[in-house]
Amino acid sequence: MKVCKFGGSSVADASQIKKVKAILDCDKERTIVVVSAPGKRFSGDEKVTDMLLSCAEMVQKGISSKDKFEEVKNRYRDIAEGLGLGRDAIDGDLEIVYKKIESGAGRDYAASRGEHLNAKLISKYLGWNYIETEECIVIGENNKIDSESYSNLASLIENGKKYVIPGFYGRSPSGEVRCFSRGGSDITGAIAARAVMADIYENWTDVSGVYSSDPRFVKSAHVIPALSYKMVRELSEVGASVFHEEAIAPVVEVNIPINIRNTNCPEDAGTIIGKEPEEKGVVGVSAKGGLSKIYVRKLMFFKESGIRHKILSLMHIYGIKPCYTLYGCDSISWYFETKQIENIDTDEMCSRIQSEFSLDEIELKKGFAVVGLVGKGVEETMEYVDALDELRKNNIEPSSVSLGGSYTTFVIGVPEERKLDAVNCISERLFIK
Ligand code: ADP
Ligand code: ASP
Ligand code: MG
């Protein structure tokens, strides 16, 4: 049995959904489909999820979402008509959703309706059964999947039947609609694969696999044929957004392989994620921007037991959750997402940390990115030396370098505005022989 998840661009309009049907029709093992909300049809288009989030925001501010919801309606009506189903196939559901959003049903409810409505339409078009994820997928705090989700979902699936499942949402333990974070339909696909112990989890998108770097920005990017679960997770952690960084968890424990494929080029083999590749060396170079760095220094810092933990706890109160840590003699630097300090007085925070811990120095700087070189045995192949050499040649000054604790990723801090230059020059050096 194969579980197939189709992302936003694969189900953005009727012509894309017809491609989905063709893909399903050519393999009878493809019996479970997880779909996203309609995504962008062209560059500059708006994703339905974003439209719905705007509707919820308007209602929260006391403004009617009528006009915005009209745009949502038009997207679904176009799809229904393009699939030959007619508006009646969706108008009733649209009315229910509009009324609930207007009555203040909230952000998660509104966001989830993109997948809900699309899955309903696609199930009608395919003539497959619809499964409501609110009834079976339980999402705890911090996106934690409740393990009962797998058995709940499995109990709704009968052998020999075919199903369409909306991605991205389920319910909270207390029963309200709850969404995963953005891009979370990948997680639903993985839950479905685990629930039925699928032979493979096919994740259909708009590129022919996981590339060595984001193909939108890097000319020398190429598809990586095989990756381990760990590598794909580490690549997405440093910005490779093709597969949600939390979507590995449900399938990794039971070793279900994931195949990233292209809806627009179904003949391409894509990337298989599963076993560790034999060969050592960097396979991917990716970058994540929008970071800030806080540096603290105090003579004999590490002699004070618990000081690190106490500073982190104080930063946590201000909403800062570091993603990378670097240690020096008597000092520590933490990188964190700049959006975490958008609404806080950072001068006040730094003065407080400095005085509470009698620090000799504290410095907070914005405008960083990290570039990650991901591959098996990165520490042994020493390709990071070539990468650093290339940065020097291109006058890109690293703000930090770290092999990290994983042995799979070498992380280099760079100025945000040089992020793409860094990825491009390193990719060319490492991959174009
Ligand atoms: P979907 O809507 O199908 O889930 P996403 O937009 O979430 O698709 O992911 C696919 C996009 O991820 C691609 O169009 C590509 O621009 C981007 N991307 C970023 N990094 C990579 C990478 N290393 N390999 C492939 N795609 C990447
Ligand atoms: N529709 C949701 C989003 O835009 C989830 C997804 O597409 O995976 O983030
Ligand atoms: Mg995605």
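Bear in mind the structure is a predicted one, so any value in this text is a computation, not a measurement.

Chemist: What is the right way to look at the site of ligand 2 in this model?
Modeler: Taken together, Ser 36, Ala 37, Thr 49, Glu 115, Phe 168, Arg 182, Gly 183, Gly 184 and Ser 185 make up the full set of residues near ligand 2. Note that an oxygen atom of ligand 2 is positioned 2.8 Å from one of the backbone N or O atoms of Gly 183. One of the backbone nitrogen or oxygen atoms of Ser 185 is found 3.0 Å away from an oxygen atom of ligand 2. Within the complex, the protein chains bury 91% of what would otherwise be the 270 Å² of accessible surface of ligand 2.

Chemist: Would you explain the nonpolar core in this entry?
Modeler: Of all hydrophobic cores here, the largest spans 94 residues; its most connected members are Val 3, Phe 6, Phe 69, Ile 101, Leu 153, Leu 227 and Ile 258. With nine residues, the top contributor of residues to this core is helix α5 (residues 107-126). Setting aside chain neighbours within four positions, we find Phe 69 in contact with Leu 52, Cys 55, Leu 94, Val 97, Tyr 98 and Ile 101. Formed by 22 residues, the second largest nonpolar core is a distinct cluster that contains Val 285, Leu 373, Val 378 and Tyr 384.

Chemist: How do you make sense of the pairing of strand β11 (residues 281-297) when you look at a structure like this?
Modeler: Two faces belong to every sheet, and in a regular strand the side chains alternate between them. Most of β11 sits out of view: 13 of its 17 residues are buried. Bridging between β11 and strand β14 (residues 361-376) involves 13 bridges; their strand directions are antiparallel. Paired with Leu 291 across the strands is Phe 368, a residue of β14. Sheet topology note: the β11/strand β13 (residues 331-337) ladder contains seven bridges and is antiparallel. Residue pairing in the sheet places Leu 291 in a bridge with Glu 337 of β13.

Chemist: What's the story with helix α7 (residues 185-195) in this structure? I'm lost.
Modeler: Because each turn of an α-helix spans 3.6 residues, side chains separated by three or four positions end up pointing in the same direction. Judged by how many residues are buried, α7 sits mostly within the fold: 11 of 11 residues are covered. Buried residues of α7: Ser 185, Asp 186, Ile 187, Thr 188, Gly 189, Ala 190, Ile 191, Ala 192, Ala 193, Arg 194 and Ala 195, and no others. Immediately downstream of α7, the backbone of Met 197 shows phi near 50°, a positive value.

Chemist: Can you walk me through the site of ligand 1 in this structure?
Modeler: Around ligand 1 lies a shell of 16 residues, among which Gly 8, Thr 205, Asp 206, Tyr 211 and Arg 216 are the nearest. At 3.1 Å from an oxygen atom of ligand 1 is found a main-chain nitrogen or oxygen belonging to Gly 8.

Chemist: Where do I start with the layout of surface pockets in this structure?
Modeler: To find the voids left in a structure, one rolls a probe of water-molecule size over its atoms. Each pocket or cavity is described by its volume, and for the second largest pocket that value is around 220 Å³. Asn 142, Asn 143, Lys 144, Ile 145, Ser 147, Tyr 150, Ile 187, Arg 194, Glu 246, Ala 249, Pro 250 and Glu 253 are the residues that line the second largest pocket. At the level of elements, α7 and α9 (249-252) are the ones that each hand at least two residues to the lining of the second largest pocket. For the lining of the second largest pocket, a count of residues per class yields five nonpolar, three polar and four charged.

Conventions and cut-offs
- Residues numbered from 1 in each chain as written.
- Chains lettered and ligands numbered in written order.
- Predicted model: local features only at pLDDT ≥ 70, side-chain atom pairs only at ≥ 80, totals over all residues.
- Heavy atoms only, no water.
- Near = heavy atom within 4 Å.
- Polar contact = N/O pair within 3.5 Å; in protein donor to acceptor, adjacent residues only side chain to side chain.
- Areas by Shrake-Rupley, 256 points an atom, 1.4 Å probe, with all protein chains shown as cover.
- Core = buried A, V, L, I, M, F, W, Y, C linked by side-chain atoms within 4.5 Å.
- Buried < 20%, exposed > 50% of the residue type's maximum accessible area, 1.4 Å probe, protein only.
- Helix = DSSP H or I, 4+ residues; strand = E, 2+ residues; numbered from the N terminus.
- Contact = heavy atoms within 4.5 Å.
- Pairing = 2+ DSSP bridges.
- 1 Å grid on protein atoms, 1.4 Å probe; cavity = no way out; pocket = protein on both sides within 12 Å on 5 of 7 lines; lining within 4 Å.
- Points joined across faces, edges and corners; volume = space filled by probe spheres on them.
- Nonpolar A, V, L, I, M, F, W, Y, C, P; charged D, E, K, R; others polar.

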